[in-house]
Each structure stands twice: as C-alpha cells, then as structure tokens.
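If you want the building blocks of each chain, they are given just below.
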Amino acid sequence: KSKLGEAIEIFPGKSESWLMLGFEDNCKMYFNGNDNADSAFIEVKIFGKANKSDCDKMTEKICEIIGDELNISPARIYVKYEECDLWGWNGRNF
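A.B. asks: Where do I start with a nonpolar patch on the surface in this structure?
C.D. replies: Together, Trp 18, Phe 47, Trp 87, Trp 89 and Phe 94 line one region of the surface with nonpolar side chains, adding up to about 540 Å² of accessible area. With respect to the element layout, Trp 89 can be found in strand β3 (residues 88–89).

As structure tokens, this is what we get:
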C-alpha cells in the first residue's frame, strides 16, 4: 500500500492522502487462456486527465511493485486507466 501511495505521485497533483485501494485475493483469473501462474488486473481511476507519459511511468511502477510484493510477472499484469470528470466525495462532487 505504501509503495502504491508513493507511486501515485507520478501524476501531478495526486497524493496518497486521496488514494483509495482495494485488493481481491484468491480470484480465479485466466491469462492467455490459462491459469498456470498468478495474474493481476489493475484498474487506475483518475479524477481529471492524465498524459500518456505519466501513465507509461505508472504502469512500469505498478508492474515493479506487484512483481516485488506478489511475485507476479509483469507479462501477466494488465493495467487499465480510466479518466473521470465527475467524482463524488463527502456528499458532493468535485
């Protein structure tokens, strides 16, 4: 969690203080048609816009962290980015 909290700072204006993480363990996943090794599907949802260069850096960092912490090969990790113009929190939208 801490390493991902640091990594989010790759995106200008983002910090761990606004980061929400969820983890789902023991999820049956098939990658390339098989389940013979662990895989990960990571979703990164960003309030606002992100440039491709920052997403490239973030993907590299996520794969490094997941590889180190969970021993999952970067070749078995997908990272999906989604930008959002409206984001609600504390009873209102930003």
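Now, onward.
A.B. asks: So what exactly am I meant to see when it comes to the packing of aromatic side chains here?
C.D. replies: When we look at a pair of aromatic rings, we describe it by the centre distance and by the angle of the planes. Enumeration over the complete set of coordinates arrives at six aromatic pairs. Aromatic pair Trp 18 and Trp 89: ring centres 5.0 Å apart, planes at 80°, arrangement edge-to-face. A residue pair is termed long-range when its members are at least 10 positions apart, and Trp 18 in the loop between α1 (2–7) and β1 (40–47) and Trp 89 in strand β3 qualify at 71 residues. For Trp 89, a relative accessible area of 41% corresponds to the partly exposed category. The interplanar angle of 40° and the centroid separation of 5.5 Å between the aromatic rings of Phe 47 and Phe 94 together place this pair among those described as tilted. Taken together, the positions of Phe 47 in strand β1 and Phe 94 in the segment after β4 (92–93) put the pair 47 residues apart, joining distant regions of the chain. Judged by relative accessible area, Phe 47 falls into the partly exposed class, the value being 31%. Of the aromatic side chains, those joined through ring pairs into one cluster are Trp 18, Phe 47, Trp 89 and Phe 94.

Scoring rules and cut-offs
- Residues numbered from 1 in each chain as written.
- Predicted model: local features only at pLDDT ≥ 70, side-chain atom pairs only at ≥ 80, totals over all residues.
- Heavy atoms only, no water.
- Patch = residues over 30% accessible without salt bridge, like charges linked within 9 Å, V, L, I, M, F, W, Y side chains within 5 Å.
- Areas by Shrake-Rupley, 256 points an atom, 1.4 Å probe, with all protein chains shown as cover.
- Salt bridge = Lys/Arg side-chain N within 4 Å of Asp/Glu carboxyl O.
- Helix = DSSP H or I, 4+ residues; strand = E, 2+ residues; numbered from the N terminus.
- Phe/Tyr/Trp six-rings, centres within 6.5 Å; stacked < 30°, edge-to-face > 60°.
- Buried < 20%, exposed > 50% of the residue type's maximum accessible area, 1.4 Å probe, protein only.

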